[in-house]
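# Coordinate analysis (summary)
Take a look at the letters that make up each chain.
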Amino acid sequence: MPYEAWCGACDVVSPERRVRREDAEDELVEHRHEAHGGLRPNDGDGVRHVHAEARGDGCLPAGSFWALLFLLALVLANCWGR
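Quick summary incoming for the structure in this document. (Residues numbered from 1 in each chain as written. Predicted model: local features only at pLDDT ≥ 70, side-chain atom pairs only at ≥ 80, totals over all residues. Heavy atoms only, no water.)

## Digging into the side chain of Arg 32
Within the secondary structure, Arg 32 sits in helix α1 (residues 21-36). With relative accessibility at 18%, the residue Arg 32 sits in the buried group. (Helix = DSSP H or I, 4+ residues; strand = E, 2+ residues; numbered from the N terminus. Buried < 20%, exposed > 50% of the residue type's maximum accessible area, 1.4 Å probe, protein only.)

Here is the structure:
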């Protein structure tokens, strides 16, 4: 799963998701230097896992599940329609 850096003080999330955790941490350090003078803000910051775009967010099934369910509904509707 990809990673993103976030800053609680600025309410800022990294514009890109990173594949490696180290890359997200480097982006976070760069943000600290630019926005906070190199210090960690009091409201906190960090790196967290995020879900990939095509995999859903865990609340709803992914798109392939819905496509399979729709195909199954079409097949069953065709069988019952006779």
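## Quick look at the packing of aromatic side chains
Per the stated rule, a full pass over the model turns up 1 aromatic pair. Ring centres of Phe 65 and Trp 66 lie 5.6 Å apart, and the angle between their planes is 70°; this geometry places the pair in the edge-to-face category. (Phe/Tyr/Trp six-rings, centres within 6.5 Å; stacked < 30°, edge-to-face > 60°.)

## Side note on the pattern of salt bridges
Evaluation of the coordinates by the stated rule reveals 8 salt bridges. One salt bridge in this structure joins Arg 18 and Glu 27, with 2.9 Å as the shortest N-O distance. Residue classification places Arg 18 among the partly exposed positions, given a relative accessible area of 26%. Of the residues examined, Glu 27 reaches a relative accessible area of 17% and is grouped as buried. (Salt bridge = Lys/Arg side-chain N within 4 Å of Asp/Glu carboxyl O.)

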